[in-house]
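What follows is each chain in one-letter form.
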Amino acid sequence: MFDPYVADIDAEALRGLYRDMVLVRRGDRESNAMQRQGQLGIWVPLLGQEAAQIGSGRALRPQDMAFPSYREHGVAYTRGVDFRELLGIFRCTDHSGWDFKAHGFHPYTIVIGNQVLNATGYAMGQKFEGKVGDDDGEATIVYFGDGATSQGDVHEGFVWAAVYDAPVVFFCQNNQWAISEPTERQSRLPLYQRARGYGFPGIRVDGNDVLACLAVTRWALDECRHGNGPVLIEAFTYRMDAHTTTDDPTRYRLSDELEVWKHKDPIERVRAHLARTGGADTAFFEAVQAEADSFAAELRDFCFNMPDPPPERVFANVYAEPSPQLDAQREEYLAYLSGFAEAGEH
Amino acid sequence: MTAVLPQQRTLTYAEAVREALAQAMEADERVFLLGEDIGTYGGAFGVTGDLVHRFGERRVRDTPISELGIVGAAVGAALAGMRPVVEIQFSDFTAQAMDQIVNQAAKIHFMLGGAASVPMVLRAPGGSGTGAAAQHSQSLEAWFAHVPGLKVVMPSTAADAKGLLLAAIDDPNPVIVLEHKLLYKQSGPVPEEATRVRLGETAVRRSGGDVTIVATGVMVSRALEAAGQLAAEGIEASVLDPRTLRPLDAAPIVDSVTATGRALLVQEAPQTGGFMAEVAAAIVESSAFGHLRAPVARLCGLDVPIPYAPQLERAAVPQTGDIVRRARELVTTW
């Protein structure tokens, strides 16, 4: 059923997907290291979820809209968001750094599950504006994790999307752990089966298989484009690193589990396939590695040289229009700060 | 001194909370905990620690990632005669649970004509200073203090973290306990016994005749630090800590302002609609009004979401130096 959705993926295209995954993993590992070196306040690792993110992200078309949670660095990359633009969020200089409309990639949502309702509303708008119904239709995809499936937001999003036929793909990366809580703490039923109760299709895909993720997401987006949404996809994968750099997974899970999942590493699988089928030679793998190294070096260089925000920025963008009260507080505050400078206290 | 002092030793604020939970659970089978990552993980801020090993998973329950569900279930358990103690991982996440807190927990006793009560405690860490940005750093006490039917406490010391929590667990009403992330690692003397700190009693942390500083949460220790610096300049400040915001014990504040004639009210939360406006009203509506030598002053968080950048985050809420400057200005100008 899904084969036609990846019929166009020849060896060159598969090498492209491999390169995507290697680059985002390298960006992820470099960022994790920079957090450990004190250059980032926090990092949210995607390690192990590259196939789910690259496969689904590459299924999107330019007119589509993606709503991420906070771990979707791979999807961001497929939407043309420069990895460097993600770093402001983690270096504590910015809450979001990209033009979300131009990229079709909404700012990261930190609060668990909130974006599911926002995405549903966005998809309803696509439908109301008549942008759904044929091959050129628009669709929305929203990313969330297994933990978020227990939030009211997600359930209400399912209800609304169902009754309004919203063109939204609910893409759940079930990475098995919501910080310390296993998926059994969120559901008795495999998560994809929940869709049935809401009246739309749900499907589980091997989230560590980039081609499977690409095929299933293309199918689901096509359904939505043609007005047959919504669709729930459960990408069954594994969070190989911590929830964030503030977390220590050795406190609650066994290393045996990680060892098992290492055998399903999404990048190694494609590498083995390419090598075995002659789809890529050693020179290709070395070139990708060299590109990843320079990608990481550029990332570090950019990160180390990011400017700190000026103090008056604390008053910026609290409201859409200028606020006399905040203008007054800003003036008062800047005068207060200049008082320190005059008194030599700074 | 011949009085026998209760046995005390130094604990961190987080350890004091844990000890209160343990003692409450030991004393009363009905007390149980529910929250996210409070079991094996020991809580996002390590507060519940090893309690799951001591009391088992039945009484230290890791819940689905579902704040509305957590509070709704706690309300139901309380109605059934249990004494649930909820941990909401960050106080910001109470936004997810507000319907159950405001429209159920706070109203049930009233709407059932007293036929049932909701003896539930909701603990949640608030406050900025940890680089956790706008959605994980708020000080939301005014939201809860505005709701009749709820009680609201903000412990500022390790001893109060224990004593107020024990009193909250005893209380037949829903009590919101707003802990502070920056205080969890601060240490102080804590009684070994399960000593209660009664709800609704303002603490006088320091006495001085020139200015009354009223502060809550992490601002209490900053106010005390500021008072120390002011004393070196010859300015004597009283520092009062309401501890319970609802019901507010205003009498000690009124008495202190009557004596000093000057009031500086310090909160971390943004100024507009903040709890210190209520304290200011309590002062000017009282007999202290006639004793005021200066306008009542507030020193609050800026009216902005808590910024992410560390230097902006610090700028957005009062620091010790700001309290010193504002108090000095009050005393020297008026």
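If you're wondering where the values come from, they're calculated on a predicted model, not measured in any experiment.

1. Some words on the overall build of chain B
- Within chain B one finds twelve helices and 14 strands.
- Here the C-alpha radius of gyration of chain B, 20 Å, is about what a compact globule of 334 residues would show, namely 20 Å.
- Here the C-alpha coordinates of chain B stretch approximately 60 × 50 × 45 Å along the principal axes.
- Summarising the internal contacts of chain B: among those between residues at least 6 apart in sequence, 83% fall at separations of at least 24.
- Of the roughly 12,600 Å² of accessible surface on chain B, a fraction of 53% belongs to carbon and sulfur atoms.
- Taking the average location of the 28 positive side-chain charges in chain B and that of its 36 negative ones, the two points are 2 Å from each other.

2. Details of the packing of aromatic side chains
Residues and elements named next belong to chain A.
- This structure, assessed with the given rule, holds 31 aromatic pairs over all chains.
- Relative to Phe-83, the ring of Trp-43 has its centre 6.2 Å away and its plane inclined at 35°; by these criteria the two rings are tilted. Within this pair, whereas Trp-43 is found in the loop between helix H1 (11-36) and helix H2 (50-59), its partner Phe-83 is found in helix H4 (residues 83-90), the two being separated by 40 residues in sequence.
- Given the relative accessible area of 0%, Trp-43 is considered buried.
- Summarising the aromatic geometry, the rings of Phe-90 and Tyr-108 are spaced 6.5 Å apart at their centres and angled 65° between planes, so their arrangement reads as edge-to-face. One end of the pair, Phe-90, is in helix H4; the other, Tyr-108, is in the loop between helix H5 (100-103) and helix H6 (114-128), and 18 residues separate them in sequence.

3. Here's the deal with a nonpolar patch on the surface
Residues and elements named next belong to chain A.
- A surface patch of nonpolar side chains, about 530 Å² in accessible area, is lined by Phe-128, Val-159, Trp-160, Val-163 and Tyr-164.
- No other element matches helix H7 (residues 152-163), which puts three residues into the nonpolar patch.
- Looking at the secondary structure, you find Phe-128 in helix H6.

4. A look at the UniProt feature "domain: Transketolase-like pyrimidine-binding" (unreviewed entry) in chain B
- According to UniProt, the positions carrying the feature "domain: Transketolase-like pyrimidine-binding" (unreviewed entry) are residues 11-186 of chain B.
- The span residues 11-186 of chain B is 38% helical and 17% strand by assignment, and the distance between its end C-alpha atoms comes to 8 Å.

5. Digging into empty space enclosed by the protein
All names here are of chain B.
- Across all of its chains, the model carries one cavity of 30 Å³ or more by this definition.
- A volume near 110 Å³ is recorded for the largest cavity.
- Two domains share the lining of the largest cavity, each providing at least three of its residues, namely domain 1 (9-191) and domain 2 (203-333).

6. Examining the nonpolar core
- Membership of the largest hydrophobic core comes to 66 residues, with the highest contact counts inside it found for Tyr-18, Leu-87, Phe-105, Tyr-108, Ile-233 and Leu-274 of chain A.
- Sorting elements by how many residues they give to this core places helix H9 (residues 210-225) of chain A first, with nine residues.
- In this structure Tyr-108 of chain A touches Pro-68, Ser-69, Tyr-70, Glu-72, His-73, Ala-76, Leu-86, Ile-89, Phe-90 and Trp-98 of chain A, once residues within four positions along its chain are discounted.
- By size, the runner-up hydrophobic cluster in this structure holds 61 residues, among which are Val-47, Val-60, Leu-183 and Met-219 of chain B.

7. Digging into the sheet that holds strand E1 (residues 65-67) of chain A
All names here are of chain A.
- Read from one edge to the other, the open sheet built from five strands follows the order E1-E2-E3-E7-E6, with strand pairing classed as parallel. The two strands at the open ends of the sheet, each matched to only one other strand, are E1 and strand E6 (202-206). Put simply, the sheet's adjacent strands are angled 20° from each other on average, direction ignored.
- In the sheet, E6 pairs with strand E7 (residues 231-236) via five bridges, with the strands oriented parallel.

8. A word on the side chain of Gln-53 of chain A
Residues and elements named next belong to chain A.
- Positionally, Gln-53 belongs in helix H2.
- Among the residues examined, Gln-53 registers a relative accessible area of 0% and is labelled buried.
- Of the polar contacts made by the side chain of Gln-53, one reaches the backbone nitrogen of Gly-74; its length is 2.8 Å.
- Apart from the residues within four sequence positions on either side, Gln-53 is in contact with Leu-46, Arg-71, Glu-72, His-73, Gly-74, Val-75, Thr-78 and Gln-173.

9. Observations concerning the domain arrangement of chain A
- Taken domain by domain, chain A holds domain 1 (3-304) and domain 2 (311-345).
- Summarising the inter-unit geometry, the C-alpha centres of domain 1 of chain A and domain 2 of chain A are found 40 Å apart.

10. Brief notes about the interface of chain B and chain A
- With 35 residues of chain B at the interface, the matching set in chain A holds 42 residues.
- For the chain B and chain A pair, buried surface summed over both sides reaches about 2,900 Å², with 54% attributable to carbon and sulfur atoms.
- It is Tyr-41, Ile-65 and Tyr-308 of chain B that lose the most area in chain B upon contact with chain A, and together they represent 26% of the buried surface on that side.
- Viewed at the interface, chain A and chain B are joined by zero salt bridges.
- At the junction of chain B with chain A, the criterion picks out 15 residue pairs in polar contact (both at pLDDT 80 or more).
- Taken together, the elements giving at least two residues each to the side of chain B that touches chain A come down to helix H11 (310-316) and helix H12 (320-333) of chain B.
- Counting residues per element, the side of chain B that touches chain A draws most heavily on H11 of chain B, which supplies five residues.
- Split into classes, the residues belonging to the side of chain B that touches chain A amount to 16 nonpolar, twelve polar and seven charged.

11. Points about H9 of chain A
Residues and elements named next belong to chain A.
- Counted at 1.5 Å a residue, the expected span for H9 with its 16 residues is 22 Å, and the 22 Å between its end C-alpha atoms agrees.
- Counting buried positions along H9 yields twelve of 16 residues, so the element is predominantly enclosed.
- Its side-chain oxygen placed 3.0 Å from the backbone nitrogen of Leu-211, Asp-209 serves as the N-cap of H9.
- Just downstream of H9, Gly-227 is the residue with a positive phi angle, here 90°.

12. Remarks on helix H8 (residues 218-232) of chain B
Residue and element names in this part refer to chain B.
- Look at H8: 22 Å from first C-alpha to last across 15 residues, which is about the 21 Å you get at 1.5 Å a residue.
- Buried within H8 are the following residues: Val-218, Met-219, Val-220, Arg-222, Ala-223, Ala-226, Ala-227 and Leu-230.
- Looking one or two residues past H8, Gly-234 carries a phi angle of roughly 90°, positive in sign.

13. Looking at the sheet that holds strand E13 (residues 263-270) of chain B
All names here are of chain B.
- Spatially, five strands are ordered E9-E11-E10-E13-E14 in an open sheet, and the strand pairing comes out mixed. Here the strands that pair on one side only, and so sit at the sheet edges, are strand E9 (203-206) and strand E14 (297-301). Recorded for the sheet is a direction-independent mean angle of 25° between the axes of neighbouring strands.
- In the sheet, E9 pairs with strand E11 (residues 237-241) via three bridges, with the strands oriented antiparallel. Its bridge partner lying in E11, Arg-206 is registered against Val-239.
- Along the sheet face, helix H9 (residues 251-260) touches strand E10 (211-215), E11 and E13 and points at about 155° away from the line of E10.
- Packed onto the sheet, helix H10 (residues 275-284) meets E10, E13 and E14 and runs at close to 160° relative to E13.

14. Describing the domain arrangement of chain B
Residues and elements named next belong to chain B.
- Parsing chain B into structural domains produces domain 1 (9-191) and domain 2 (203-333).
- Taking only C-alpha atoms into account, the centre of domain 1 sits 26 Å from that of domain 2.
- Each side of the interface is counted separately: domain 1 has 29 residues, and domain 2 has 24 residues.
- Across the domain 1/domain 2 interface, buried area totals approximately 2,000 Å², and carbon plus sulfur atoms make up 55% of it.
- The largest contributions to the domain 1 side of the interface with domain 2 come from Ser-128, Met-154 and Ser-156, which together make up 22% of the buried area.
- At the boundary of domain 1 and domain 2, one finds two salt bridges.
- Its salt-bridge partner being Asp-160, residue Arg-205 comes within 2.7 Å of it at the nearest N-O pair.
- Across the contact surface, domain 1 and domain 2 share 13 residue pairs in polar contact (both at pLDDT 80 or more).
- Its residues assigned to classes, the side of domain 1 that touches domain 2 comprises 14 nonpolar, twelve polar and three charged.

What counts as what
Residues numbered from 1 in each chain as written. Chains lettered and ligands numbered in written order. Predicted model: local features only at pLDDT ≥ 70, side-chain atom pairs only at ≥ 80, totals over all residues. Heavy atoms only, no water. Helix = DSSP H or I, 4+ residues; strand = E, 2+ residues; numbered from the N terminus. Rg over C-alpha atoms; globule rule 2.2 N^0.38 Å. Contact = heavy atoms within 4.5 Å. Areas by Shrake-Rupley, 256 points an atom, 1.4 Å probe, with all protein chains shown as cover. Lys, Arg positive; Asp, Glu negative; His and termini not counted. Charge placed at Lys NZ, Arg CZ, Asp CG, Glu CD. Phe/Tyr/Trp six-rings, centres within 6.5 Å; stacked < 30°, edge-to-face > 60°. Buried < 20%, exposed > 50% of the residue type's maximum accessible area, 1.4 Å probe, protein only. Patch = residues over 30% accessible without salt bridge, like charges linked within 9 Å, V, L, I, M, F, W, Y side chains within 5 Å. Salt bridge = Lys/Arg side-chain N within 4 Å of Asp/Glu carboxyl O. UniProt positions renumbered as here; feature names shortened; annotations may be inferred. 1 Å grid on protein atoms, 1.4 Å probe; cavity = no way out; pocket = protein on both sides within 12 Å on 5 of 7 lines; lining within 4 Å. Points joined across faces, edges and corners; volume = space filled by probe spheres on them. Domains from an automatic or database assignment. Core = buried A, V, L, I, M, F, W, Y, C linked by side-chain atoms within 4.5 Å. Pairing = 2+ DSSP bridges. Axes fitted to C-alpha atoms, helices over the stretch in contact; angles between N-to-C directions. Polar contact = N/O pair within 3.5 Å; in protein donor to acceptor, adjacent residues only side chain to side chain. Buried area = accessible area lost by both parts, 1.4 Å probe. Nonpolar A, V, L, I, M, F, W, Y, C, P; charged D, E, K, R; others polar. Expected span 1.5 Å × (residues − 1).

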